[in-house]
Structure formats: structure tokens, C-alpha cells
Amino acid sequence: MIIKKGVAASIGIAIGKAYIIKEDNILIKQKAIPKEKIKAEVKRFKDALDKTKKDLDKLKNKILIVLGKQHAKLIDVHHLILKDPLITKEVINLIVVQGINAEFALSKVLDKTGADFEKIQDEFFYERKHDLFDVGKKIILNLVRKEVITLDKLKEDVIVVAHNLYPSDTLHIRESHKVLGFCMDLGNKTSHTAIFAQSIGIPAVVGLSDISHQINTGDNLIIDGEQGVVIISPTEEVIKKYREEKERLYEEESYFQRLKGIPTVTRDGHKVTLMVNIDSSDNIKDLKDLKSDGVGLFRTESLYINRKTPPDVKEQKAVYLSVAKAVNKKTVIIRTADIGGDKVTDLGIKGVKDEENPFMGLRGIRLFIKYPDMLRTQLKAIYMSNTENNIKIMIPMVSSLNEIQFVKEICSVVKNELANEGFILENVPELGIMVETPAAALTVDSFLNEIDFVSIGTNDLVQYVLAVDRMNPYVSNLYDPYHPAVLRLINVVIQAAHKKGKHVSACGEMASDPLAMCILMGLGVDSLSVPMKMYLRVKHKICSSSFEKISSMAQSLLGMGKSEEVKEAVSEAMK
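Predicted, not measured: the structure shown is a model, and the values here were computed from it.

Peer 1: Before we go on, may I ask you to explain the overall build of the protein chain in this structure?
Peer 2: When helices and strands are counted, the protein chain shows 22 helices and 16 strands. Going through the 575 residues of the protein chain one by one, you find that 53% of them count as buried. A fraction of 69% describes how many contacts in the protein chain between residues 6 or more apart in sequence connect residues 24 or more apart.

Structural data, given as C-alpha cells:
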């Protein structure tokens, strides 16, 4: 029996036989193309591009029907890659200038671009590297005319094991109804495969490094999507234990459904505002069905991705209005776009490229200060959408008072602009910030007279406080939300905000972690915002807790010196 630890991508337990998806390792040899055949070789490459485009069109139509808009957008990414000069010009240039075959020219361009992608440290955009190679693989397969074996032909229930899964693979998983769960070498919590697994409710563990090389088709597997664990060749005793746990989780999930619409209140009567995070307006139906206390974090980056120009006021307004109306006058906190400088050139804005570390570079409010028209457009759309008076604005990546004052100046410009256009602004949205940099946390008391609320973005705050890139496999084990420095800094923010009567919310992984969320509640956070798939689970945890016990426990944690002591104390208090 072998136990492998990875990243928990989608909760649940799967027990079954492994099915390995082999990478299409095509041996590409360099061939010299005679001058008189260069045109024919270029045409062969262009024909492969056309064939790939038609394949993508068919795939997108199927994904729209089976998976919906959110996943179909991934194919739009692939269409853009097909049009990229890297593919349409550089490959052809290599064929013509160096007189080499199309397959080899394409592989050279992909290898060089892949090396460039390695420099990008933003986890979302790092994921785009795999989209590039997926498209490249499709073109090469069309060049060599090789048929691909797909998952929709499966005859029995299996657990899929792969190096990586692409949009076409996820579609076939959905169509087959034979996939109990999946695990793979690559991926993280923001990868499209993780989002896909969560959306259809199958267990998944990703980021396992080399598991596809350690398993053979037919091996017995257990996937624990909550703990991020994969067990290879488990014993009968372990299988029995996990079957019992799977049955318990099924009964638990059925019970959770009864919690929809009832107040989120602890056993001793303390009311907690529990909200959800959303990434787009595509899941409006699920949002309505969940009956949450509102949207605590509406990430707007998806509006800016995979396009050549930024979205205009009309497009943004339609999206914001649809979400604001879906929550039945409950609060919607819209975070202005937190896009990195490495994507600005894709939006038709020149002058920013080749950042060594985009994750700590020109992103969030920093980018909008450099390009204020983008902020003005987004704020104008938000202002015009606030017809229900339930929208609030949140600014990401703040580190100084000057940045807040800059935003307020743009807000004044937007108000005047709307007035001049004859738009009657009845409801001015409240303005808040995300506290995710140590600078913002340590100086938040100087910000509070300028803003209406704060939201602690725990994911970034933890990694910035500890100087740990949670996507870096060499140091990701040091990413520790229970570190005393993290807890003390969070307490500083909460105490400072409450002294000024300001509301404090928290989002990120800590908000839905069973132990960490209890610490946040105990330290005095006013509201939590969690992923939709975790909402009822978190709600149940809150309703099963004693606020008095949590509060007394949380304060005692601030004097501890090690995270192990913190976790032990919280676990004991929660028994």
C-alpha cells in the first residue's frame, strides 16, 4: 500500500480500479524540406490549423450543451492560441527559413514558449501553459493524422489517472458517466480540472507530481478528495474503512441540504453572516438555490481574460446587475479586477511585459493606477448596477493610503460623469479594501477613515507574511495559515477595524477550513465568504459550534509560539 499526498481539488471519496490516460508521446524528428516543397509544407501546416479549428468548434458546441458556458470559455482560450503569432507566424517562419518539417518547427516554438511560461508565478496564468501545449498537441496529432482514444467509450467504472487533463478530457468524463474520480500529476485548486470536478461533484486530487508513473491500469485506488490523499493498492481493512466513510459523507450531504435558507447561528445563539465567492455570472441558478447571505467576493477577472480589449461599461453592467438581482437584495461585494501586468498586452495595452515576478508585481490596484481608465470603466459599471442598493466595491492588493485616495478620486470622477450624462445616482456603493499585504494589515488603522469595510484575503496574506509561494513545490509545505505571525496580524486588523466600528469579513481557504474558520470567528470576524460547494458544509460546522467556547479559545492562541500548538488547541476545543 502506497499513500500519496497532493492538493485536495474536489471533496468526496472514490474507490475503484485505475484507468491510465497515456500521454500522446509522438517522436518528432527533424526533416529537411527541399526548397521546391517548402510551400507544400506550409500548406500542410495551415491545413492542420484549419482542422484543429474545426475540431475545437465541434468540441465547444458539445461543451456548451453538456457542461455550460463556464467550461466552454476554455475553448475560447484555445481558439486565441490558434490565432497567436507564435503559431501562425513563427512556426511558418521556421519552416521557410530553416527548411524544416512543420512538426519539428512547432515543437521548437512550443519548447521555447514553455520555458518562458516557467517564469510566470501567478497560479492562474501559469495554468495557461497547459492550454498552449494542449493546442500544440492537437495540431501535431492532425499533422501526423493520429486518432485519439477518448474516455467516453469506457465500459466500466474507473478512477482516471493522468499527467494532465484537458477540456476535451473533462467533457468525455462527463459524457461517460463511468468516472468515479480522478487524480493527476499537474494542477492546483484554480486549474480548470479542479473547477470541473467541483462543478459535477466527483472527488479529485491534483498536484501529485508523478503518480501517473506509479500506477498501472487495473490497480486498486482510493481517492480522498477532502484530505488530498490517493492510496495505491489499499488493504481490505483500509477499503472497508473508506467505504464506511463514503456512506457517512453521503448521509451528511443529504442532511446539509436541509440547511438551505435557515439562519447561520451557533449553538449558543450567535448569528454569523455566511456568504459565497463567485467567479462569474454563469452559476446564477446555483447561487439562487443556495439561499446564502449574499456574495462576499465576486472576482471579476473572468471579464478581462481571453480577449483583446477590456470589457466596456455595458458588458460589465449586465453581469453585475444579474448577480445583484439573483441574491434577492442581499449584499454583493464586487472586487475590482485583480489582473496581473503580464496580461495587459493581451488587452491591447502596451508598455508592460516581462515582469520577473508578476505575482508581486503590477497587479490589482497597482495596475489600475497605471491605467486609470480601466478602473473608471469598471467603477462606472458598478455604480450603474447598484439599483438594488446592495452592491459594495472592494479594492485588491492595497498597501498604502495613497492608493485608497486615488480610488476615491476616480469615484468622484465617475459620479460627475454620470451626473453629466443625466444618470440619477440614488445609491452610492460602499467602498472597502482587501487586506492581503502585510503593509495593509499593519497600517489598516490609518485607512479606516477613508473606507467602509475591510475583507481579509487570507490566501495572499499568509504567503506574503511567511514569504512562501504556495505554488512552489520546494516550499509549499511552509505555507501555514496557523502560524502565530499570521494569527496575530489578523487579530491586529480585526481589533483596529472594530475600534472604528468597521465591518470585517474574511475569505480564502482559511474561511472554509474547519479549524481555521473557528479561529477567525473567535477573533471576531463579522462574516465569512466561502466557495459555493463548501457553503453548506461550513454552515453545518458553524451551527454545531459554541461561540463562547470559540471566543475564549481564540484569544489564548495569540500567545502560542508554534502552529502545532495552535492546531492542537483548536482541535481539542472543537471536540
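Peer 1: What's the story with the sheet that holds strand β6 (residues 204-206) in this structure? I'm lost.
Peer 2: Note: strands within a sheet are paired through backbone hydrogen bonds, in either parallel or antiparallel orientation. An order of β1-β8-β7-β3-β4-β5-β6-β2 is seen for the eight strands of this open sheet, with the pairing classed as mixed. Edge positions in the open sheet fall to β1 (2-5) and β2 (7-10), since each of these has one partner strand only. Pairs of neighbouring strands in the sheet enclose a mean axial angle of 30°, with direction left out of account. Bridging between β1 and strand β8 (residues 229-232) involves four bridges; their strand directions are antiparallel. Looking at β8, one finds that I2 is bridged to I232.

Peer 1: Please clarify how the packing of helix α19 (residues 516-523) against helix α21 (residues 547-557) should be interpreted in this entry.
Peer 2: Helix-helix packing is described using two parameters, namely the angle between the two axes and the distance between the axes. One way to put it is that α19 packs onto α21 with a least axis distance of 7 Å and a crossing angle of 90°. In terms of orientation, α19 lies roughly perpendicular with respect to α21. Of α21, the residues touching α19 (which contributes C518, I519, M521, G522 and L523) are F547, I550, S551, A554, Q555 and L557. A class-by-class count of the residues in the contact of α19 with α21 yields eight nonpolar, three polar and no charged.

Peer 1: What exactly am I supposed to notice about α19 here?
Peer 2: The α-helix advances 3.6 residues per turn, and as a result positions three or four apart in sequence lie on the same side. Within α19, eight of the eight residues are buried, which leaves the element mostly enclosed by the surrounding structure. Buried within α19 we find A516, M517, C518, I519, L520, M521, G522 and L523. Contacts from the buried residues of α19 go to α18 (484-499), β15 (503-507), β16 (527-531), α20 (535-543), α21 and α22 (563-574). Once α19 ends, the next one or two residues include G524, with phi positive near 110°.

Peer 1: Which parts of the structure should I look at to understand the sheet that holds strand β14 (residues 453-457)?
Peer 2: Taken together, eight strands build a closed barrel; the order of strands is β9-β10-β11-β12-β13-β14-β15-β16 and the barrel is parallel. The average angle at which neighbouring strand axes cross in this sheet is 25°, direction not considered. Relative to strand β11 (residues 331-335), strand β10 (residues 294-299) runs parallel, the two sharing four bridges. Of the residues in β11, the one forming a bridge with V295 is V332.

About the cut-offs
- Residues numbered from 1 in each chain as written.
- Predicted model: local features only at pLDDT ≥ 70, side-chain atom pairs only at ≥ 80, totals over all residues.
- Heavy atoms only, no water.
- Helix = DSSP H or I, 4+ residues; strand = E, 2+ residues; numbered from the N terminus.
- Buried < 20%, exposed > 50% of the residue type's maximum accessible area, 1.4 Å probe, protein only.
- Contact = heavy atoms within 4.5 Å.
- Pairing = 2+ DSSP bridges.
- Axes fitted to C-alpha atoms, helices over the stretch in contact; angles between N-to-C directions.
- Parallel < 35°, antiparallel > 145°, perpendicular 65-115°, else oblique.
- Nonpolar A, V, L, I, M, F, W, Y, C, P; charged D, E, K, R; others polar.

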